[in-house]
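Fold and geometry: a report
Okay, here's what each chain looks like letter by letter:
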Amino acid sequence: MRKFVKIFSLSMIILFGAALLTASLFVGSTYLKYSSLTLNEEKLSSPALAVELYDFENRPLKEENTFNGEYAKISTLPENLKNAFISIEDKSFYSHHGLNYKRIIKAGINNVLSHSLKEGASTISQQLIKNTHLSAEKTFERKIKEIVLTKKLEKAHTKDEILECYLNVIYYGNNCYGIENAANYYFSKPASKLELEECALLAGMVKSPNKYSPILKQSAAIERRNIVLSEMKKDGYITEQQCLSACKKPITLNLQAEEQNALNSYSQAALDEACQILKVPAKTIAINGYKIHTYLDKDKQQALKQALSSEDFNCADHAAIVLDCNRHAITAYQANSAYKVLDARRQPGSIIKPIIAYAPALNEDIISPSTQILDEQLALGEYNPKNVDGKFRGYVSATEALSKSINIPAIKVLSYVGIDKAKAYAESMGLEFDELDNSYALALGGMRYGVNLKQVAQSYSTFANNGMYDEAKFVEYITDASGKIIYHHKPKPQQVLREDATYLLTTMLQDAATTGTAKALKDLAIPIAAKTGTVGKGKDNIDAWCAAYTPKEVCVAWVGNLDNSPITVAGGNQPTRCVKNYFQTENATPSPFTQPASVVEREIDLISLENMHKLELASPSTPARFKQTALFSIFNLPKDVAQNFVEVGETKFDVKSSGSTAEVCFTPQRHLTYCFYDGKTLLKQIAGQTQPQQLQLKVSSGNLKITVGFDEKNLKTYEFKLKKEAIAQPQNDKWFI
C-alpha cells in the first residue's frame, strides 16, 4: 500500500511539473510572440480626437463628436486628486515597475476558485495600456499584450507622466474622457480647483461610471466616495478629521447645461452603440480611424426635433425616438437631459400593459378584444390596486379596458396569463426584469428598475411588425481606416407573437388613439395605434409616456426628470402631442394595417354579452339590432350559439292584487317585448328595457294576461286570476291566484 502511495504521489508530482513546464513554455512563447509590439505615444496623450459618423445616405453627421479636448498637466492637479486615485486604484504605483505580482497571484487564485476571470489585478500603468492600446475582451493573449506594453511604458515614461496620461484618458461617464472634461461637466470648474470630496467622488466612479453615477445613483456614489476617503486616511494622505468632514458632505453637482444636447444626440447614441459592438472605448475608435455609418434619416430627425420643440415641457427632461420596423433601425433620436437618457431606466406605467398582459393573453387564446372583464374592487394579499379615478365600471370589454387604461382589468388579464409566462413574453420583446419583479403590480408598470426609451420602442415594433422582434440599432455598419467593413447590422427577427394576436392588439390600440387616453392622435390622417402611460408618486407625476406606431414605424416620447423631481405632464398630453407633431411634420404616407387570414369577423349576440357577459355567436334568427360584428382569431372563436332568439326563456313575475288592481314587479330583458292584457284589452307594452319594473294595472275583468316574446311567433303567455290580497303562484305555463 505504501509503495502504491509513493508511486501515485510521484506520478502526481511529475504530472504537475509537466503541466507547469508546459504552461511556462506557453506563457514564454506567447510573450516572445508579442514582444515586438510597439508603444503608440499618440494613443497615450492625444489631446483632441473626433469620431467620423455618417447618416444612412453616407453624409457626414454635423453633430459634435469631439472629446478629450482639454488636457490637464499633472503639475496643475491637486495632490488630493492624485492621492485619491492611487489609494483606490494602485497603492504601490510609485514602487512597482508596472506589475503588482502579489495582486496578480491573489487574483489568479480567486479566479481559479470562482471559475471565472472576473477579478483583475491591473495597476494604473496596465489600465492606461488597456484603455489606449487594447480591446476590453478578457483573454490570455490580450493579458500578455498588456504586460508587454506595460513594461515598455514603464521604461519610456516617469511615474508622473504615466499618471498624467491615465487621468487624461480614462472614462468618467456622460461622455467625459479625461479629468478636465469630468471636472468641467460635473462641477463646472477646472480640475485644478477640485475639492477633496470631489476628487474622491471622481476617483471612485471610474470603476463603474454607471453604477456609481452621481446623477442617477447618488447613494451608491456617496458610498463609493467614502470608501476612497477611508483608503486615503489609511494611507496617510488625509487626517481623520478631513475624512470625517468630507464623508458628511452631500454630492453637490453643477452640470454644464450646454453639454446636455451633445450628450443626448443621435451621434452620441450611435458612438456608444459602436463601443458596445466593437468592445473598445470611444477613444480607440477615434485613434484607429473607424467610421460609423448610421441609420440616421435627416428628414425624420428634423421632424422629430420640430415635434419636440413645439411643446412646453416646463423644464423637465424629455426625449423621443423613431424606429423603422422593417429594418429594425433607429432613424431619429433626440433628448434633452443632464444625463444620457438612453442609459436611464424609468418606470413604464401603463405603456407596459400591452406588452406584459394583453399581447400574451391574446397569443395564449385567453381573451379576444370583445371579452368582458369585471372592473371591481380587488385585493391580492396586501396589494389593493385602484383605478386612477378611484371608480369601478363593472363589466367592460378588453378593448375598452386597454383603450381607457383601466387598471383592474389589466391586473386580471395578467393573472389569467400568469406572471412567469407574461414576463417571458415581455423578455422576448426586449424588456429586462429584476428577480424582485414578480408581483401583479407589473401589470401597471411596477418594476424595480424599469425600462429605457429604446426598449419601449423595440417592444412596440413587435406589434407593428406582425409579431416579429429583433433589437433595433443606430449603427448600420462600421469600417476601419482602410474602408473594410468590420461590422454590419444584419437583423434576424424572431416570431414571438402570432400575426393574429398582434393584429387584434393593434385594433385595440387604434381605439386608444381615437377614443382612449391617446385620443389626441385621432385627427391624424394615417392609421395609428397608441398607448399612453403616466407614473405617479403620491399626488405628483414622475414619468409620462406615449408609444405609437404605424405599419412602418414606431415613435415613442417620454417626459420626466432623472432626479425624480415632479413634473406637470401626463402621458395623454405633451408626449402624445409630440408623437402627433412628428407624424404630421414627417408627412407619413397612409398605410393600413393588414388583416391576416387568421383573423375573422363573426357576429356575436349582444344579449348574451349584456346579460351573461359571455361571447356567444348570434343565431340565424337574431335581429340585426341585437348582434354586433367582432374580430376573432381563428384559434379562439366563440364555441356557443346564443339561444336568446331561439326560444323564450322564463320570466319571474311577482304579482299581488287588491280588488281590481294588480301590482306587477319584474326585471325585463332588452330583446323581449312584454304585453299586459285585461282579457283581450292591451293595458301596457314594455320593450327595450332592462331596469326593474313596478306596475300598477287596473284589471276590471279579473283576468290578467301577460305575453313575452321577441316576435309574434315566439311568445310565452302567463295568465293570472285576481283575488283580493292574494299572491300569484306559478303552475306549469299558467299563473293562477
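Further up the page is the structure itself.
Residues numbered from 1 in each chain as written. Predicted model: local features only at pLDDT ≥ 70, side-chain atom pairs only at ≥ 80, totals over all residues. Heavy atoms only, no water.

So, about the packing of aromatic side chains. Across all of its chains, the model carries 19 aromatic pairs by this definition. On the basis of an interplanar angle of 85° and a centroid distance of 6.1 Å, the ring pair of Phe-85 and Tyr-166 is categorised as edge-to-face. Note that Phe-85 is positioned in helix H3 (residues 79-89) and Tyr-166 in helix H7 (residues 159-169), a separation of 81 residues in sequence. Taking the relative accessible area as the measure of exposure, Tyr-166 reaches 0% and is therefore buried. Centre to centre, the rings of Phe-666 and Phe-676 are 5.8 Å apart; their planes meet at 50°, and the pair counts as tilted. With Phe-666 in strand S19 (residues 661-666) and Phe-676 in strand S20 (residues 673-678), this pair connects stretches of sequence that are 10 residues apart. Of the two residues, Phe-666 and Phe-676, neither departs from the other in class, the shared state being buried. An aromatic cluster is present here, built from Phe-653, Phe-666, Tyr-674, Phe-676 and Tyr-718 joined pairwise through their rings. (Phe/Tyr/Trp six-rings, centres within 6.5 Å; stacked < 30°, edge-to-face > 60°. Helix = DSSP H or I, 4+ residues; strand = E, 2+ residues; numbered from the N terminus. Buried < 20%, exposed > 50% of the residue type's maximum accessible area, 1.4 Å probe, protein only.)

Attention now goes to the side chain of Lys-454. Relative to the helices and strands, Lys-454 resides in helix H20 (residues 453-464). Residue Lys-454 is classed as buried on the basis of its relative accessible area of 12%. For Lys-454, the side chain forms a polar contact with the side chain of Gln-458, separated by 2.8 Å. The residues contacting Lys-454, other than those within four sequence positions of it, are Glu-273, Ile-321, Leu-342, Glu-471, Ala-472 and Phe-474. (Polar contact = N/O pair within 3.5 Å; in protein donor to acceptor, adjacent residues only side chain to side chain. Contact = heavy atoms within 4.5 Å.)

Quick look at the state of the cysteines now. Summed over the entire model, instances satisfying the criterion amount to 0 disulfides. Free cysteine Cys-578: the closest other cysteine sulfur is in Cys-555, separated by 8.1 Å. Residue Cys-578 is classed as buried on the basis of its relative accessible area of 3%. (Disulfide = S-S within 2.5 Å.)

Once that is clear, we can look at H20. The end-to-end C-alpha distance of H20 is 17 Å, a good match for the 16 Å that 12 residues give at a rise of 1.5 Å each. With respect to burial, H20 is a largely interior element, 12 of its 12 residues being buried. Within H20, burial applies to Leu-453, Lys-454, Gln-455, Val-456, Ala-457, Gln-458, Ser-459, Tyr-460, Ser-461, Thr-462, Phe-463 and Ala-464. Sitting at the head of H20, Asn-452 places a side-chain oxygen 3.1 Å from the backbone nitrogen of Lys-454. A positive phi of about 60° marks Asn-466, the residue just after H20. (Expected span 1.5 Å × (residues − 1).)

What follows concerns the sheet that holds strand S14 (residues 540-549). Sheets are built from strands that pair by backbone hydrogen bonding, the pairs being arranged parallel or antiparallel. Across the sheet, 5 strands lie side by side as S6-S5-S15-S14-S13; this open sheet has antiparallel pairing. Strands at the two margins of the open sheet, each flanked by one partner only, are strand S6 (329-336) and strand S13 (529-537). In this sheet, neighbouring strand axes are inclined to one another by 10° on average, regardless of whether the strands run parallel or antiparallel. Note: S14 against strand S15 (residues 553-560), 7 bridges, orientation antiparallel. Counted as the bridge partner of Ala-547 is Val-556 from S15. Along the sheet face, H20 touches strand S5 (317-324), S6, S13, S14 and S15 and points at about 35° away from the line of S5. Packed on one face of the sheet, helix H22 (residues 574-585) meets S5, S13, S14 and S15 and runs near 145° to S15. (Pairing = 2+ DSSP bridges. Axes fitted to C-alpha atoms, helices over the stretch in contact; angles between N-to-C directions.)

In this model, helix H13 (residues 266-278) (13 residues) spans 18 Å end to end at C-alpha, consistent with the 18 Å of a helix rising 1.5 Å per residue. When we look at burial in H13, the residues that qualify are Tyr-266, Ser-267, Gln-268, Ala-269, Ala-270, Leu-271, Glu-273, Ala-274, Cys-275 and Leu-278. Of the residues one or two after H13, Lys-279 is the one with positive phi, at around 60°.

Looking now at the side chain of Asp-605. Locating Asp-605 in the fold gives a position in strand S16 (residues 599-605). Buried within the structure, Asp-605 lacks any salt-bridge partner; Arg-670 is the closest side chain of opposite charge, at an N-O distance of 7.8 Å. A polar contact is formed between the side chain of Asp-605 and the side chain of Asn-644, at a distance of 3.0 Å. The contact partners of Asp-605, leaving out residues within four places of it in the chain, are Glu-616, Leu-617, Ala-618, Thr-622, Phe-626, Ala-642, Asn-644 and Phe-645. (Lys, Arg positive; Asp, Glu negative; His and termini not counted. Salt bridge = Lys/Arg side-chain N within 4 Å of Asp/Glu carboxyl O.)

Once that is clear, we can look at the sheet that holds strand S2 (residues 52-54). Strands sit in the order S2-S4-S10-S11 across an open sheet of 4 strands; the sheet is mixed. Since the sheet does not close on itself, it has two edges, and those belong to S2 and strand S11 (485-488), each with one partner. Strand-to-strand twist in this sheet, taken as the mean axis angle between neighbours without regard to direction, amounts to 20°. In terms of strand pairing, S2 meets strand S4 (residues 291-294) through 3 bridges, oriented parallel. Counterpart to Tyr-54 in the pairing with S4 is His-293. Along the sheet, H13 makes contact with S2, S4, strand S10 (475-479) and S11, crossing S10 at roughly 65°.

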